[in-house]
Amino acid sequence: GDSVTQTEGLVTVTEGLPVMLNCTYQTAYSDVAFFWYVQYLNEAPKLLLRSSTDNKRTEHQGFHATLHKSSSSFHLQKSSVQLSDSALYYCALSDPGGSWQLIFGSGTQLTVMP
Amino acid sequence: GALVYQYPRRTICKSGTSMRMECQAVGFQATSVAWYRQSPQKTFELIALSTVNSAIKYEQNFTQEKFPISHPNLSFSSMTVLNAYLEDRGLYLCGASPGLPYQDTQYFGPGTRLLVL
């Protein structure tokens, strides 16, 4: 079945520096949608980015991600993090295989230090 | 805009009792509703996927007998946790979508946090 892997459970970055959160996946489908969700403390996840187009950069709120099917990756990046970016980030995919539920990665806690 | 409300936001129930939670979509038609549970360890589990006018599909480890779901129209869904025990605690999230398979965004409600004593 499909799976999403986020290798870093915890990432700590100093304010103003860049960050990359890793996301790789396995799927048997070619037509798949990918998402990054951000979850702030005591809130539900909110959609940050989505993409289904290979090699196309998607941007929102200063974050960007590019789907690379050749490497099965959809890493999330930001060139200069802010304190308010501290949150839990989930990578997820959704495929057309009968049921379209989101398959989440295990999440990466991003902590931005002053 | 598209919004999803969940009621109650937080609830405490005694072990062995049942608890009903509701999900309401505003601003769009929730053709499909997925119920998730986020454990205290922050991992997600899909409980079931409900599509209006179709059978509800439960994931492995979750049953209709334990988590009955109602999805009577395009704006409302409810789920009950029957005979709740400690392992049922967590944040229950409702994700609603206009419904095109995998092409539509899932909008999440704020969740219902269940504590079991």
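Residues numbered from 1 in each chain as written. Chains lettered and ligands numbered in written order. Predicted model: local features only at pLDDT ≥ 70, side-chain atom pairs only at ≥ 80, totals over all residues. Heavy atoms only, no water.

**A few points about the interface of chain A and chain B**
So, point 1. Each side of the interface is counted separately: chain A has 19 residues, and chain B has 22 residues.
So, point 2. Between chain A and chain B we count 2 residue pairs in polar contact (both at pLDDT 80 or more) in total.
So, point 3. Contributions of two or more residues to the side of chain A that touches chain B are made by β5 (33-39), β6 (46-51) and β10 (87-94) of chain A. (Contact = heavy atoms within 4.5 Å. Polar contact = N/O pair within 3.5 Å; in protein donor to acceptor, adjacent residues only side chain to side chain. Helix = DSSP H or I, 4+ residues; strand = E, 2+ residues; numbered from the N terminus.)

**Describing the sheet that holds strand β8 (residues 76-81) of chain B**
Each strand in a sheet pairs with another by means of backbone hydrogen bonds, the pair being arranged parallel or else antiparallel.
Residue and element names in this part refer to chain B.
So, point 1. The strand order β1-β3-β8-β7 describes an open sheet built from 4 strands, whose pairing is antiparallel. Only two strands of the sheet have a single neighbouring strand rather than two, namely β1 (3-7) and β7 (69-73). The mean angle between the axes of side-by-side strands here comes to 15°, regardless of whether they run parallel or antiparallel.
So, point 2. Direction of pairing for strand β3 (residues 19-26) relative to β8: antiparallel, over a ladder of 6 bridges. Paired with M21 across the bridge in β8 is M79. (Pairing = 2+ DSSP bridges. Axes fitted to C-alpha atoms, helices over the stretch in contact; angles between N-to-C directions.)

**A look at the packing of aromatic side chains**
Residues and elements named next belong to chain B.
So, point 1. The final tally for this structure, using the stated rule, is 15 aromatic pairs over all chains.
So, point 2. Ring plane angle 50° and centroid distance 5.7 Å describe the contact between Y36 and F108, whose orientation is recorded as tilted. Of this pair, Y36 sits in strand β4 (residues 32-38) while F108 sits in strand β10 (residues 107-108), and the two are 72 residues apart along the sequence. (Phe/Tyr/Trp six-rings, centres within 6.5 Å; stacked < 30°, edge-to-face > 60°.)

**Notes on the sheet that holds strand β8 (residues 63-66) of chain A**
All names here are of chain A.
So, point 1. What the 4 strands build is an open sheet, ordered β3-β9-β8-β7; its pairing is antiparallel. A single partner strand is all that each edge strand has here, and the edge strands are β3 (19-21) and β7 (57-60). Within the sheet, the average angular offset between the axes of one strand and its neighbour, ignoring direction, is 20°.

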